[in-house]
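Coordinates in review
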Amino acid sequence: MKKSVLAVSALSLLAATTAQAQDKPVVDVVHWLTAGAESAAIKVLADEVTARGGEWIDSAAPGGGGDASAMMMSRIAGGNPPGVAFLAMGPGALELGDQGALRDVTDVATANGLDQVTQVMVDISTSADGKLYALPIGLETQNLMWFSPPVFEAAGFEVPSTWSEFLEQAPAIREAGFIPMATGAQGWQLGILFSSVILDAGGADLYRSVVMEHDAQMAAGPEMLAAFTTLRGLADAGDPGSANRAWNDTLNLVAEGQAAVQVMGSWAGAELENMGLEQGTQWDCALTPGSNAVIVEGAGFEFPIVSDPAALAGQDLFIEVMMDPAVQTEFARLKGAVPPRADADSSGLSSCTQIAAEALANPDEGGLATMGASVSSDNWGQIQDFLANFWANPSVTPEDAAQQFAAIIGTEE
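Scope of this entry: the structure provided in the associated data block.

Parameters at a glance
Residues numbered from 1 in each chain as written. Predicted model: local features only at pLDDT ≥ 70, side-chain atom pairs only at ≥ 80, totals over all residues. Heavy atoms only, no water. Salt bridge = Lys/Arg side-chain N within 4 Å of Asp/Glu carboxyl O. Helix = DSSP H or I, 4+ residues; strand = E, 2+ residues; numbered from the N terminus. Buried < 20%, exposed > 50% of the residue type's maximum accessible area, 1.4 Å probe, protein only. Pairing = 2+ DSSP bridges. Disulfide = S-S within 2.5 Å. Contact = heavy atoms within 4.5 Å. Core = buried A, V, L, I, M, F, W, Y, C linked by side-chain atoms within 4.5 Å.

**A word on the pattern of salt bridges**
Scanning the model with the defined rule gives twelve salt bridges in all. For Arg52, the salt bridge identified is with Asp324, shortest N-O distance 2.8 Å. Of this pair, Arg52 sits in the loop between helix 2 (36–51) and strand 2 (55–60) while Asp324 is found in the loop between helix 14 (309–322) and helix 15 (325–335), placing the two residues 272 residues apart along the sequence. The closest approach of N and O atoms between Glu330 and Arg333, which form a salt bridge, is 2.7 Å. Highlighted residues: Glu330 and Arg333, both in helix 15, separated by three residues, approximately one helical turn. Here Glu330 falls in the partly exposed class, since its relative accessible area comes to 29%. Through salt bridges that share partners, Glu48, Arg52, Glu320 and Asp324 make up one connected network.

Dropping the structure here:
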């Protein structure tokens, strides 16, 4: 009898141990954070998930956000959804949520301090019926100019305060042996650049009217014509290698003193610091020429519907980790972002990132939503294709471009 009891006890213990192993939270994460500083930032989350008893599965898509989105959608369609996906905040999450592809995470997010999260990020991720489909991990400024002090010094110029001034400098910068405008001519990168050009052409009022409020008449107006004229000049100030060049490879041109300027989000500063380069000497930052506001995007995560209990537990664990103020602070420091929680420590952020932090802390200034977060995912795709074609095809006039852009904007509700 004693042996029988011991045998039963052993079997029970084995069963319990097996069940516990099977129920271990599994966090399968689709992301595209593969560059140096970005890779260090995502590792903060991975290490913390592991430290709290979860299993991290890294499903990286090195091609960028488009590839990450395609990977997620392919896995959902194939019946093998990831638990978490790193994608930009905005209409895309709402569309997928309304289609039944994403989990409503309101309850678990509320339990982990949702009331401390920057409200605009909650708003753009919440459906009309109150379901929350995405959460931010970092807030990033898009309209920052990363520039090479040695290049401007060698060409004999001060850093420009308007894009018109820069275009006047560009021929002499090229004659001195440098690339004036370093750009990776992918649609999303050109969208970031063009947003800064709109601010220069008509300020925050023009940007808000055209991009955020979808005023087709303003989109075809004289200020936007001026914006496209400037964009054509910036394309001419680029280099033949810009086609489909990755943003970090483009940043290297500035870091190595081969190019004067790149326009890219605040994450570029973290990459430059990760290179061990000295700010103010080898590189520096400023708001883009003519900017009188900041364009802020939320980098965050979506949570596909999963049925496996371990994956569901993994989502809960991941949300607990990503909403921890200390985790957000460390992620933001490495990524070059601002923590979305008001109670997270922002004091150690770089001077470049502080531009966004100070604007977000001021309720009278705040920030402007990105182009990608202001239009439907379909229209954002059209805008990216349109900008890539305009950049590469000099036969498309600024007049034609303004009309085409207005036609896309005009389809927004």
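After that view of the structure, there is still more to cover.
**Regarding the pairing of strand 9 (residues 295–302)**
For strand 9, a buried count of eight out of eight residues is recorded, marking the element as mostly surrounded by other parts of the structure. Residues Ile295, Glu297, Ala299 and Phe301 of strand 9 are buried on one face, and the alternating residues Val296, Gly298, Gly300 and Glu302, pointing to the opposite face, are buried as well. Inspection of the sheet shows strand 3 (residues 84–88) paired to strand 9 by four bridges, in the antiparallel sense. When the sheet's bridge partners are listed, Leu87 is paired in strand 9 with Gly300. Note: strand 4 (residues 134–141) against strand 9, seven bridges, orientation antiparallel. The partner of Glu140 across the bridge, within strand 9, is Glu297. Relative to strand 10 (residues 368–369), strand 9 runs parallel, the two sharing two bridges.

**As for the state of the cysteines**
When the sulfur atoms of two cysteines share a covalent bond, that bond is a disulfide. Here the structure, examined in full by the defined rule, presents one disulfide. The disulfide bridge from Cys285 ends at Cys352, spanning 2.0 Å between sulfur atoms. Its S-S torsion of approximately -100° makes the covalent link between Cys285 and Cys352 left-handed. Taken as a pair, Cys285 in strand 8 (residues 284–287) and Cys352 in helix 16 (residues 351–361) lie far apart in primary sequence, 67 residues in all. The two residues Cys285 and Cys352 agree in class, both being buried.

**Quick notes on the environment of Pro160**
Its location among the elements puts Pro160 in the loop between helix 7 (149–155) and helix 8 (163–175). In the structure, Pro160 is positioned 232 residues away from Ala392 in sequence and 25 Å away in space, judged by C-alpha atoms. Apart from the residues lying within four places of it in its own chain, the contact partners of Pro160 are Met145, Phe152, Glu165, Phe166, Gln169 and Pro289.

**Things to note about the pairing of strand 5 (residues 144–147)**
The two faces of strand 5 match: Leu144 and Trp146 on one face and Met145 and Phe147 on the other face are all buried. Bridge analysis of strand 5 against strand 8 gives four bridges, and the strand direction is antiparallel. Within strand 8, the residue paired with Leu144 across the bridge is Leu287.

**A look at the nonpolar core**
Counting residues in each nonpolar core, the largest one holds 67 residues, and the members touching the most others are Trp146, Phe194, Phe228 and Phe405. With twelve residues, helix 9 (residues 187–212) is the largest single contributor of residues to this core. What Phe405 contacts, discounting residues up to four positions off in sequence, is Phe194, Val210, Ala219, Met224, Phe228, Met371, Ile383 and Phe386. In terms of nonpolar packing, the next biggest core, distinct from the first, is built from 33 residues, Val27, Val44, Ile137 and Met323 among them.

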